[in-house]
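Each chain, written out:
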Amino acid sequence: MSDSNKLAVQDRWSDAEASNLADLDALVYQSRLIGSDPRLVVWGGGNTSLKVMETDYRGRSGRVLRVKGSGSDLKAVTPRDFPGVRLDDLLPLLEREQMSDEEMVAYLEYAVVEPRSPRPSIETLLHGFVAARSVLHTHADAILALTNTRRSADILREVFGESIAVVPYLRPGFALAKLVSQAANQPGCQGVVLLNHGLITWHDDPREAYRLHLELVNRAAEYIERASQAQTSAKPEPLTAPDAPKRQEIAAALAPVLRGLLGKTQRVVSHFDDSEDVLSFVSGQSLPLERVRAALAAGAATPDHILNIKRTALWVEPADLTDAQAVASATQTALAQYQQDYQQYFERYRQDEPMLAPLPRIVLVAGLGMFAVGKDSHATTVSSDIFHHTIAIIEGAERVDAYQSLTPKDAFEAEYWPLELYKLTLAPPEQKLSRRVALITGAAGEIGSAIARRFAAEGAHVVCADVDLAKARSLVDDLNTRAPNNRGLAVLMDVSSEASVAEAYQRVLLEYGGVDVVVVNAGVAYSSPLDKLSLDQWQRSFAINATGAFLVAREALKIMKAQQTGGSFVFVATKNVPAPGKDFGAYSASKAAQAQLGRVLALEGGAYGIRANLINPDAIFGASGLWSVSVREERARSYGIDSSQLEEYYRSRNILRAQVTADDVAEAALFYASDASAKTTGGMLPVDGGLREAFPR
Ligand code: ZN
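Note that this is a predicted model, so its numbers are computed, not measured. (Residues numbered from 1 in each chain as written. Predicted model: local features only at pLDDT ≥ 70, side-chain atom pairs only at ≥ 80, totals over all residues. Heavy atoms only, no water.)

**A few points about the overall build of the protein**
Phase 1: Summing up its helical and strand segments, the protein has 25 helices and 18 strands in all.
Phase 2: Summarising its shape, the C-alpha atoms of the protein cover approximately 95 × 70 × 50 Å along the three principal directions.
Phase 3: Looking at the 697 residues of the protein, the share that counts as buried comes to 56%.
Phase 4: Partitioning the intrachain contacts of the protein with sequence separation of at least 6 by distance along the chain shows that 73% fall at a separation of at least 24.
Phase 5: As presented, the protein carries roughly 29,700 Å² of accessible surface, and 51% of it is formed by carbon and sulfur atoms.
Phase 6: Charged side chains of the protein number 72 positive and 85 negative; the gap between the two group centres comes to 5 Å. (Helix = DSSP H or I, 4+ residues; strand = E, 2+ residues; numbered from the N terminus. Buried < 20%, exposed > 50% of the residue type's maximum accessible area, 1.4 Å probe, protein only. Contact = heavy atoms within 4.5 Å. Areas by Shrake-Rupley, 256 points an atom, 1.4 Å probe, with all protein chains shown as cover. Lys, Arg positive; Asp, Glu negative; His and termini not counted. Charge placed at Lys NZ, Arg CZ, Asp CG, Glu CD.)

**Considerations on a nonpolar patch on the surface**
Phase 1: On the surface, Ile655, Leu656 and Phe695 cluster together into a nonpolar patch covering about 330 Å² of accessible area.
Phase 2: Along the chain, isoleucine 655 falls in the loop between α24 (646-653) and α25 (662-673).
Phase 3: Given the relative accessible area of 54%, isoleucine 655 is considered exposed. (Patch = residues over 30% accessible without salt bridge, like charges linked within 9 Å, V, L, I, M, F, W, Y side chains within 5 Å. Salt bridge = Lys/Arg side-chain N within 4 Å of Asp/Glu carboxyl O.)

**Section: the coordination of the zinc ion**
Geometry reference: four tetrahedral donors at a metal, ideal angle 109.5 degrees. Six octahedral donors, ideal angles 90 or 180 degrees.
Phase 1: Within the protein, His137 (NE2), His139 (NE2) and His197 (NE2) serve as the donor atoms for the zinc ion, at 2.1 to 2.2 Å.
Phase 2: The sequence pattern describing where the donors of the zinc ion fall on their chain is H-x1-H-x57-H. Accessibility classification places histidine 137 together with histidine 139 in one group, the buried group. (Donors = N, O, S within 2.8 Å, 3.2 Å for Na, K, Ca; no water.)

**Some words on the sheet that holds strand β4 (residues 134-138)**
Phase 1: Spatial strand order, β3-β2-β1-β4-β7-β6-β5: 7 strands in an open sheet with mixed pairing. Each having just a single partner strand, β3 (84-86) and β5 (164-167) make up the two edges of the open sheet. For this sheet the average axis-to-axis angle between neighbouring strands, irrespective of direction, equals 25 degrees.
Phase 2: Two elements, strand β1 (residues 47-55) and strand β2 (residues 61-67), share 7 bridges in a ladder whose sense is antiparallel. Bridge pairing links serine 49 to valine 67 in β2.
Phase 3: Here helix α2 (residues 23-35) sits on the sheet in contact with β1, β2 and β4, set at roughly 175 degrees to β1. (Pairing = 2+ DSSP bridges. Axes fitted to C-alpha atoms, helices over the stretch in contact; angles between N-to-C directions.)

**Focus on the sheet that holds strand β8 (residues 269-273)**
Phase 1: Reading across the sheet, the 4 strands line up as β8-β11-β10-β9 and stay open at both edges, with mixed pairing between neighbours. This sheet does not close on itself; its edge strands, each paired only once, are β8 and β9 (314-316). Neighbour-to-neighbour, the strand axes of this sheet turn through a mean angle of 20 degrees, independent of strand direction.
Phase 2: Pairing analysis gives 4 bridges linking strand β10 (residues 362-365) to strand β11 (residues 369-374), with the strands arranged antiparallel. Bridge pairing links leucine 364 to methionine 370 in β11.

**Observations concerning the environment of valine 9**
Phase 1: For valine 9, the position within the fold is in the segment before α1 (15-18).
Phase 2: For the pair valine 9 and leucine 65, spaced 56 residues apart in sequence, the C-alpha to C-alpha distance is 28 Å.
Phase 3: For valine 9, the residues in contact, after removing those within four places along its chain, are Asp37, Arg39, Leu40, Leu214, Val217 and Asn218.

**What to know about the packing of helix α9 (residues 206-230) against helix α15 (residues 377-400)**
Phase 1: Interhelical geometry of α9 versus α15 gives an angle of 60 degrees and a closest axis separation of 8 Å. With respect to α15, the axis of α9 lies oblique. In terms of crossing hand, the pair formed by α9 and α15 is left-handed. Residues Tyr223, Ile224, Ala227 and Ser228 of α9 form the contact with α15, whose own contacting residues are Gly396, Arg399 and Val400.
Phase 2: Class assignment for the residues of the contact of α9 with α15 results in 4 nonpolar, 2 polar and 1 charged. (Parallel < 35°, antiparallel > 145°, perpendicular 65-115°, else oblique. Left-handed = near helix turned anticlockwise from the far one by under 90°. Nonpolar A, V, L, I, M, F, W, Y, C, P; charged D, E, K, R; others polar.)

**What to know about the environment of valine 519**
Phase 1: Mapped onto the secondary structure, valine 519 falls in strand β15 (residues 517-520).
Phase 2: Look at valine 519 and you get buried, because its relative accessible area is 0%.
Phase 3: Distance from valine 519 to glutamine 343, taken between C-alpha atoms, is 40 Å for residues 176 residues apart in sequence.
Phase 4: If we ignore the near neighbours within four places in the chain, the residues touching valine 519 are Leu439, Ile440, Thr441, Ile451, Phe455, Val570 and Val572.

The quantities given are spatial measurements derived from coordinates; they are silent on function.
Here it is as structure tokens:
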């Protein structure tokens, strides 16, 4: 097998690791091996099972099918993800002529061994009806490249001979399970290929079922490899794609426009990808562009893929990539057509279900790359991964023949399958900042990190911008362990540098598509009487607290206007704005400039649904960068106290006698960031324990 064969899979079984495993552990081992190779399955696709003898709660032993539960992902399964189903209950179903999906689901609820176990896979009957102990089912790219062709029957015969049965496309369920069992239980049959769906192998020994599975996938991969080497057809004439920096610039300009177009009803995030396979595909390098268009029109490769990336991707072919206006209007026109086509497809096949959002999950721009779109970064990761495999499948199919997929009717029935629609109702409820992107400057500091954590807990995608990238990264690592798949993003940002601010926003646009909430939090403080204050300290205070706020807000305002979905600015100002502090001239004056900027932003943003509000905290202690040792000492000197008494001094001077913390400020920031304050702009919220001289007026 040549290394260049990208559809080929490697046997990763280790006898040393697997030989002493008990039944269920061996099943977990085998399943994780399958799940760890994305050329076999991606994100929840495929399933595995093992038939075992078990003793039940009554002390009686019987045969049990351990099968993957619905919704779990093979690469991360644990023993608990395999509900047990009594085979004595399952096998009599073979006598039946038919069974509806609803009957099947209800029946399986009675046949499970443990109450409250996960719902067994929708392909449970298929696993139960095949006689061998171990059964494996994947959606391998190489197999799909052969099944998704015009001449699939002939090609599969040529590759596999008579030892493999081919079953026509049918939605998973009772009828498919019966067809598979009839084929699989024939003597000499080594595997079943499901058209437009995948591959099934089996054996009494899990190791052999795995080995056989890989052997069949690799036979398909080799056939495709040979076909591509033999291909002599005329080379396609590719588009000339712009270089990487230019592509990113174009994509960053398009991203907020796209996010606005797709997020009219509900916000979405997008992720830009111009990696090699994507770029080659959308530029017509691997296939002529007319074949790319035809393959995209034929639609996603399997029902499983359709659920994640819809039947079709949005294809945009702008006349001139370097003209941002032209790219945006080509996208708008293509999307309007996409939605019209989707409406027609829905009207044509609908029963009585309501229409799902007519929004593409994959947007391909010729010569540029791909945007994966979804409600959050997990959804965009899944869509993006699936589309990389879609490209491999399409290219493989085009090497051996011409790519084809499910009929629109079958695709509709997969997309609107009641069992899948039911899964959508189980999705967790939306949170206060779901679907939103929030950028926080000075995120690595005491207040910034408290806000970042609070926002992440409310479902936001949190961009942690800081001059200290290492510190911002460690914060993001922590956020991402709680909500994986890039919910947090660390970016280097020196707010006083126009170029640095622009560069950071470009990262955000490529990663998430835009921004909805900006917390202007980065700040610097020097404590000194005016006659001793250096010009440098004065200028630096303004560069960060005032000019920095302007640069950060200006870039975000451009993006929010392009998105046309509103937005919220939160300025972490200070109690010094209404009540300036002695020896705090540079800080108080530059923060007053920032506050006035926030109010002007409220005036200018209102027409676009963009709000701007201020929070006025009083001294927040902790590891905050603002309160360096020297600032603490200077402030204590100004008040004529020892620096160790400073916290107590601040606490005792407020009405509530409260020590104000970064978490208190984060709570106020959440209020202003979220729809809880939808009708408030130009506001000023003190978080200071109550200071009479700082009352807003
Ligand atoms: Zn499947």
